[in-house]
Amino acid sequence: LEFIGVDAKDFKIVPQMYDFQRTEPTHRFSHTYRVMIGTALIAHKIKESRLGLLAFIAAFTHDLARQNDGYDPQHGRRAAQRKLPMFTHLLSKYKVTPQEYEMIAKAVTYHCETIREKLTDDCFKVCKMLSDADALDRCRFHNAEDRLDVRFLHFEESKMCIDAIDFICKESVRQRKIYNEIPFAEFIKVAQY
């Protein structure tokens, strides 16, 4: 987190932020927090601190507009349109420019849709950092057909993050921090064991 320049205390998810409410959903805070950690790890591996910050903010937002826990191909677009504008205080604190805001919005939109437009190289990297980090969290699935297929990762360096995210996933289950709504600053302690 130091590498991308974020303060963990700035990021906390509460149930009211989600459109979809359920007692034990798959796409809730622990998934989102692991994806946030994944973007920071990938950014460090590919040596892209500012783009990593943008991908991290995109990860914070990416699943907030889900309507269900299954197939919902428009949830990223809805999150970019309705949820991302809720975080102007964070965008201001981290001095996100209008061009960077667009990169974050595109990453949130395209994490679950096919990219159908020409993107700058930097925007493409932000999109793919989020996409890879989201895919890395497939460690939460126990059935083989839903597990991570490394052939679909966009960065070779993302493969180096698999063990870390798998460890954090197992620790979050072991410490019973999988469904409890807690601040990100508390959740990241599971990675320190």
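Structure first, text after, so check above.
Residues numbered from 1 in each chain as written. Predicted model: local features only at pLDDT ≥ 70, side-chain atom pairs only at ≥ 80, totals over all residues. Heavy atoms only, no water.

(A) Representation of the nonpolar core in the model. Of all hydrophobic cores here, the largest spans 61 residues; its most connected members are Phe11, Ile104 and Phe184. Secondary structure elements with two or more residues in this core: α1 (29-46), α2 (49-61), α3 (75-83), α4 (88-93), α5 (98-110), α6 (121-136), α7 (162-174) and α8 (184-187). Setting aside residues no more than four positions away along its own chain, Ile104 makes contact with Leu54, Ile57, Ala58, Leu84, Leu91 and Val96. (Core = buried A, V, L, I, M, F, W, Y, C linked by side-chain atoms within 4.5 Å. Buried < 20%, exposed > 50% of the residue type's maximum accessible area, 1.4 Å probe, protein only. Helix = DSSP H or I, 4+ residues; strand = E, 2+ residues; numbered from the N terminus. Contact = heavy atoms within 4.5 Å.)

(B) Summary view of unusual backbone geometry. The phi torsion at Lys47 lies on the positive side, around 60°, for a residue other than glycine. If you trace the backbone, Lys47 turns up in the loop between α1 and α2. Notably, Lys95 is not glycine yet its phi reads approximately 50°, a positive angle. Relative to the helices and strands, Lys95 resides in the loop between α4 and α5. By relative accessible area, Lys95 is classed as exposed at 66%.

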